[in-house]
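Residues per chain, in single letters:
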Amino acid sequence: MRNLPEQLPKRTLTRRQIQVRTLVSFAVLLLLFTAAWMGFNWIKKQPSDNGTPKPLRSVLNTNEKIFASLFDSTRRVKEYPLSAADKKVRVNGNAGMDGQVDMATWRLQVIRSRGDTLFLTMDDIKKLPKKDIAFDFKCIEGWSQVTHWAGVPFSRFVEAYQLKEESTMNYIGLVTPDKEYYVGIDMPSALQEQTLLCYEMNGKPLPVNQGFPLRLIIPVKYGIKHLKRIGTLFFSNTKPADYWAEKGYDYYAGH
Amino acid sequence: MPQPLKEVIVKHPLAIRWFHWCNFPILLCMIWSGMLIYWANDEYRITLGKKEVFHFFPESFYKSLGIPFRLAEGMNWHFTFMWLFFINGLLYIVFTLVSGQWRYLLPNKRSFKEAFQVVLHDLHIKRTQPKFLKYNAAQRIAYTSVIVMGIGSLITGLAIYKPVQFGWAAWLCGGYKAARLEHFILTIGYVLFFIVHILQVIKTGWNNFQAMITGFEISKLPKTKTDAKSS
């Protein structure tokens, strides 16, 4: 190459200078590795914040701030033709799903900011515009599957039941009827147009193990946020409790 | 009595040595935490026809390294150290470009032809190898490739981490599933690079190795008067 020198630069040093520089350089390297190892162990030993050492949790929270600020609700999850959906839908997790649901008494409870609660029947939900979606459902474990769901977009639900004021808050929280499973979701993700209060899978009512009668489908999040068998929906400015976040996982868990 | 003088060749700038040795523990942490994550869906195998030749990874491998049931922990380390990996890599690239060190590093027109000669030399088939300044042709190709791989890990990683917000990355990788496989293959690539790198460093000897720490190589040629006036 044109600009390369003919040879690498040379210097003359005394034997003593070479010895000192070598010693110092090796000492610094040893120090670097020791510091890295001690730093690693220090992080591991820190008190836990929701199932993970505090320093890691604070990085996760910072990551959440960064990526939530980059979140653009006009970016849609890729949709597939409904025919591309897998008929054998993988079932993962059954927390909060003990016992039966009695449809005669089941209501979706929506806690409003004034303190009053809406009690909605399945018909109240089904009369709203329905949206079908086939998308690549992503599990935090690393697998994904193209599956077909249908329900009312959460954004339409908010409009229909005059929850505009509530939807200016920072989070929604969802809880199963037995309160065993619960998630918190940031509002921009909840209001993204592909987020559904879902009551159908593959064109039929949800199977029990997929969250009958109503579950959340939120394509911009990992599966851990797609709560099955919704009992209560509420709004909050602080982070609602989250089942997997308490067990060491990232709270945001979004794409 | 005056001390005897020795000639040294100034080889690696201080900044490059720092980037190199910082990258080692950072990448180690990324690979380790990556394995904690991969374990939760360890779907990759090498197959011949329908026969499984190798499963990434065997149960004994997981057990000996204490990998199972640590997905959340793995993700948390991974998404912390990704910043260090990114910043260190970015600083390295910027430094290499600005300082002109890239001229020693990037392959040139002759490199691809010469690299073959280097390989023959390293395999003891040929006695001599083409002349080089800092890195020989094979080193230029290998070291440049590993940097391109680093950029690849970043892009495939983004495609897995935020496939919607970084839709362009997911598209570039051929989708979410493809990105995960590519991310994995790149990691296997680092491990293979590491093995060859260590063997080559051992083979080349102490003077070369210590130069990555001290920055200089001790010149083996005796100083003569003809040296000074040549060229």
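Provided above is the structure to which this section pertains.
Computed from a prediction, not measured in an experiment: that's the story for all the values here.

(A) Representation of the nonpolar core. Residues and elements named next belong to chain A. With 59 residues, the main nonpolar core has Leu174, Leu196, Leu197, Cys198 and Leu216 as its most contacted residues. Of the residues forming this core, the biggest block, five residues, is contributed by strand E10 (residues 196–201). Non-local contacts of Leu196, meaning those with residues more than four positions away in its chain, are made with Lys131, Ile133, Trp149, Gly151, Val152, Pro153, Phe154 and Ile217.

(B) Here's a closer look at the pairing of E10 of chain A. Residues and elements named next belong to chain A. Summarising burial for E10: five of the six residues are buried, a large majority. With five bridges connecting them, strand E7 (residues 144–153) and E10 associate as antiparallel partners. If you follow Pro153 over to E10, its bridge partner there is Leu196. Here E10 pairs with strand E12 (residues 215–217) via three bridges, running antiparallel.

(C) Molecular detail of the environment of Phe193 of chain B. Considering the arrangement of structural elements, one finds Phe193 of chain B in helix H8 (residues 176–204). Spatially, the C-alpha atoms of Phe193 of chain B and Gly205 of chain B are 18 Å apart, while their sequence positions differ by twelve residues.

(D) The sheet that holds strand E1 (residues 5–10) of chain B, seen in detail. Reading across the sheet, the three strands line up as E1(A)-E1(B)-E4(B) and stay open at both edges, with antiparallel pairing between neighbours. One side of each edge strand has no neighbouring strand; the edge strands of this open sheet are strand E1 (10–14) of chain A together with strand E4 (216–218) of chain B. Taken pair by pair, the neighbouring strands of this sheet meet at an average axis angle of 40°, ignoring direction. Both E1 of chain A and E1 of chain B contribute to a ladder of five bridges, which runs antiparallel. By the bridge assignment, Thr12 of chain A is partnered in E1 of chain B with Glu7 of chain B. Where helix H1 (residues 15–45) of chain A meets the sheet, it contacts E1 of chain A together with E1 and E4 of chain B, and its direction lies at approximately 100° from that of E1 of chain A.

(E) Quick look at the interface of chain A and chain B. Chain A puts 47 residues into the contact, and the matching count from chain B is 40 residues. With eleven residues, the top contributor of residues to the side of chain A that touches chain B is H1 of chain A. The class makeup of the residues in the side of chain A that touches chain B is 21 nonpolar, 13 polar and 13 charged.

(F) Just unusual backbone geometry, in detail. Cis rather than trans, the peptide bond between Phe212 of chain A and Pro213 of chain A has omega equal to 5°. Mapped onto the elements, Pro213 of chain A comes out in the loop between strand E11 (204–205) and E12. Of the consecutive residues Phe56 of chain B and Phe57 of chain B, the connecting peptide bond is found in the cis state with omega at 0°. Structurally, Phe57 of chain B can be placed in the loop between strand E3 (51–55) and helix H2 (59–65). Although it is not a glycine, Gln162 of chain A sits at a positive phi angle of roughly 50°. Inspection of the secondary structure puts Gln162 of chain A in the loop between helix H4 (154–160) and strand E8 (171–175).

The rules we used
Residues numbered from 1 in each chain as written. Chains lettered and ligands numbered in written order. Predicted model: local features only at pLDDT ≥ 70, side-chain atom pairs only at ≥ 80, totals over all residues. Core = buried A, V, L, I, M, F, W, Y, C linked by C-beta atoms within 7 Å. Buried ≥ 20, exposed ≤ 12 C-beta atoms within 10 Å, placed from the backbone. Helix = DSSP H or I, 4+ residues; strand = E, 2+ residues; numbered from the N terminus. Contact = placed C-beta atoms within 7 Å. Pairing = 2+ DSSP bridges. Axes fitted to C-alpha atoms, helices over the stretch in contact; angles between N-to-C directions. Nonpolar A, V, L, I, M, F, W, Y, C, P; charged D, E, K, R; others polar.

Don't take any of this as a statement about function, it's just geometry.
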